[in-house]
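Here are the chains, one letter per residue:
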Amino acid sequence: MTTGTGAAVEERAELSERLWTAVLAKDESAAVREVFAAADAGADRESLLLEVLGGVQRRVGTEWAADRIGVAEEHAATAIIDRVIAALAHRVPAPAAAPARPRITVACVDGEWHVLPARLLAEVLTGRGWQVDFLGAHTTTPHLVAHLHATNPAATLLSASLPLHLPSAHIAVTAVQSVGIPVMVGGAAFGQDGRYARLIGADAWAPDARAAAALLADGLVRPEPTTRQQVDDLPHLADQEYTLVKGNRAALVRQSLAALDERWPAMRTYTEAQRERTAEDLAHIVDFLATALYVDDTELFTGFVTWTAEILRARRVPPHSLRTGLDILAGELRDFPRALGFLKAAAEALPAPSAPRPRSGPGKAA
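Below, the structure is looked at part by part.

Parameters at a glance
- Residues numbered from 1 in each chain as written.
- Predicted model: local features only at pLDDT ≥ 70, side-chain atom pairs only at ≥ 80, totals over all residues.
- Heavy atoms only, no water.
- Helix = DSSP H or I, 4+ residues; strand = E, 2+ residues; numbered from the N terminus.
- Buried < 20%, exposed > 50% of the residue type's maximum accessible area, 1.4 Å probe, protein only.
- Contact = heavy atoms within 4.5 Å.
- Areas by Shrake-Rupley, 256 points an atom, 1.4 Å probe, with all protein chains shown as cover.
- Salt bridge = Lys/Arg side-chain N within 4 Å of Asp/Glu carboxyl O.
- Pairing = 2+ DSSP bridges.
- Axes fitted to C-alpha atoms, helices over the stretch in contact; angles between N-to-C directions.
- Core = buried A, V, L, I, M, F, W, Y, C linked by side-chain atoms within 4.5 Å.
- Phe/Tyr/Trp six-rings, centres within 6.5 Å; stacked < 30°, edge-to-face > 60°.
- Parallel < 35°, antiparallel > 145°, perpendicular 65-115°, else oblique.
- Nonpolar A, V, L, I, M, F, W, Y, C, P; charged D, E, K, R; others polar.
- Polar contact = N/O pair within 3.5 Å; in protein donor to acceptor, adjacent residues only side chain to side chain.
- Right-handed = clockwise from strand over helix to strand, strands pointing away.

For the rest of this paragraph, the subject is the overall build of the protein. Tallying secondary structure elements over the protein gives 16 helices and five strands in all. The C-alpha extent of the protein, read off along each of the three principal axes, is 85 × 55 × 35 Å. Scored against the burial criterion, the 366 residues of the protein give a buried share of 46%. Counting only contacts in the protein whose residues sit at least 6 apart along the sequence, the fraction spanning at least 24 positions is 73%. Total accessible area computed for the protein in this model is approximately 18,100 Å², and 55% of it derives from carbon and sulfur atoms.

Take a look at the structure:
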């Protein structure tokens, strides 16, 4: 199974489908057997990692978003894929590099639990001869910096999948640079074009693992050790809107949920589980609004809100209930001009509610 031929692509597609079936059935042994058989038949190690295992993981996310699998199934599938990656690492050891490349550190930023993208990156870099210290999920910045002081790597690579973790990523980037180590970032959190990586002053951004490996091979310049604050990169933070919205998150969610209870009659018939899910949705909206305020980007918030509308539609919840929630938040944040602008833009991005069908009556066909 070479990398780019038509036959190889077809083989990978068939393997991915068999792997998906095994993962969905929670059959870890079958999943391992499928990948081992492909490796023994000569499949390219990176292709197995990125196209096959990475592709199946992306499918897990797609199926969850479409409400075709639940959270428990998503977690089980992710755990199986993670264990298959570990098994593959021992079955197909990384080729020896001569000479060995320098030491680097790979980690997820503080609060980021989506570890598989970073795990795949670490395996790809190990396969290319780098000495990789993989610190895993949710690496707090103090622990990361302590590790860097002890190991002095050539570079630090930070992963974040959710934009919610951009403030944490920014803190980590500035802290690592303050000790004179270059930082490359990657993951969906930084935008398809890496705009948020540039915004927070990262030394490099990579859209995928192979691009990250290429950038590392070219070499990253060590920054001069300097100390800077987040507001130095993002002067708009001086208005305190991000800080106040983030700090009052719990109260905003509680007050908005109470107002939604009054203005959305359907909520009165919700089960306890449905009410908890609604509270979670409101919390996510507040969190994404705060993050949009942090990076001062309307598109980040409107993108999340329109995606949420699709998720609600998949759950058979009327998406225009989301418009009501945004209107309630606008009332709570009436003294926050940037937040109000983001909320207005998001409401305008939502599809208009469907017009009610006319009732039959005198002179009208039924």
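A few words on the pattern of salt bridges. Side-chain pairing between opposite charges can occur once the charged atoms of the two side chains come close. Scanning all chains against the criterion turns up 23 salt bridges. Where Arg 18 meets Glu 34, a salt bridge forms, and the shortest distance between an N and an O atom there is 2.8 Å. Of this pair, Arg 18 sits in helix α1 (residues 6-24) while Glu 34 sits in helix α2 (residues 28-40), and the two are 16 residues apart along the sequence. Members of the salt-bridge network, linked through shared partners, are Arg 45, Asp 82, Arg 119 and Glu 123.

Read across the sheet, five strands follow the order β2-β1-β3-β4-β5 without closing on themselves; strand pairing throughout is parallel. Edge strands, defined here as strands with exactly one partner in the open sheet, are β2 (131-134) and β5 (204-206). Each strand of the sheet is rotated relative to its neighbour by a mean of 25 degrees, with strand direction disregarded. Strand direction decides the pairing type here: strand β4 (residues 183-186) and β5, joined by three bridges, are parallel. When the sheet's bridge partners are listed, Val 185 is paired in β5 with Trp 205.

Our next topic: the nonpolar core. Judged by nonpolar contacts, the single largest core of 61 residues is most densely connected at Leu 158, Phe 190, Phe 301 and Leu 326. Ranked by the residues each element gives to this core, the list is headed by helix α13 (residues 272-295), at 11 residues. If we skip the residues at most four places from it in the chain, Leu 326 touches Ile 285, Phe 301, Val 305, Leu 343, Ala 346, Ala 347 and Leu 350. Counting residues in hydrophobic clusters, the runner-up holds 47 residues, among them Ile 81, Leu 88, Val 106 and Leu 116.

Let us now look at the packing of aromatic side chains. Per the counting criterion, the structure on display carries four aromatic pairs. Consider the rings of Phe 288 and Phe 304, whose centres lie 3.8 Å apart with planes at 5 degrees: the pair is stacked. Residue Phe 288 is found in helix α13, and its partner Phe 304 is found in helix α14 (residues 298-314); the two are separated by 16 residues along the sequence. A residue is classified by how much of its surface remains accessible, and Phe 288, at 9% relative accessible area, is buried. The exposure class of Phe 304 is buried, given its relative accessible area of 9%.

Right, let's talk about the packing of α14 against helix α15 (residues 320-332) for a bit. At a minimum axis distance of 9 Å, the contact between α14 and α15 shows a crossing angle of 140 degrees. Accordingly, the angle class assigned to the pair α14 and α15 is oblique. Where α14 abuts α15, its residues Phe 301, Val 305, Thr 308, Ala 309 and Leu 312 lie against Ser 321, Leu 322 and Leu 326. Its residues assigned to classes, the contact of α14 with α15 comprises six nonpolar, two polar and no charged.

Glancing now at the side chain of Asp 297. Within the secondary structure layout, Asp 297 lies in the loop between α13 and α14. For Asp 297, a relative accessible area of 13% translates into the label buried. Of note is the side chain of Asp 297, whose polar atom sits 2.7 Å from the side chain of Tyr 196. The residues contacting Asp 297, other than those within four sequence positions of it, are Arg 195, Tyr 196, Ala 292 and Phe 342.

In this section: the pairing of β4. Successive side chains on a regular strand alternate, one facing one side of the sheet and the next facing the other. On β4, burial covers both faces: Val 183 and Val 185 on one face and Met 184 and Gly 186 on the other are all buried. Judged from the four bridges that link them, strand β3 (residues 156-159) and β4 form a sheet pairing that is parallel. Bridge pairing in β4 links Thr 156 to Val 183. With helix α7 (residues 166-177) bridging β3 and its parallel neighbour β4, the resulting β-α-β unit is right-handed.

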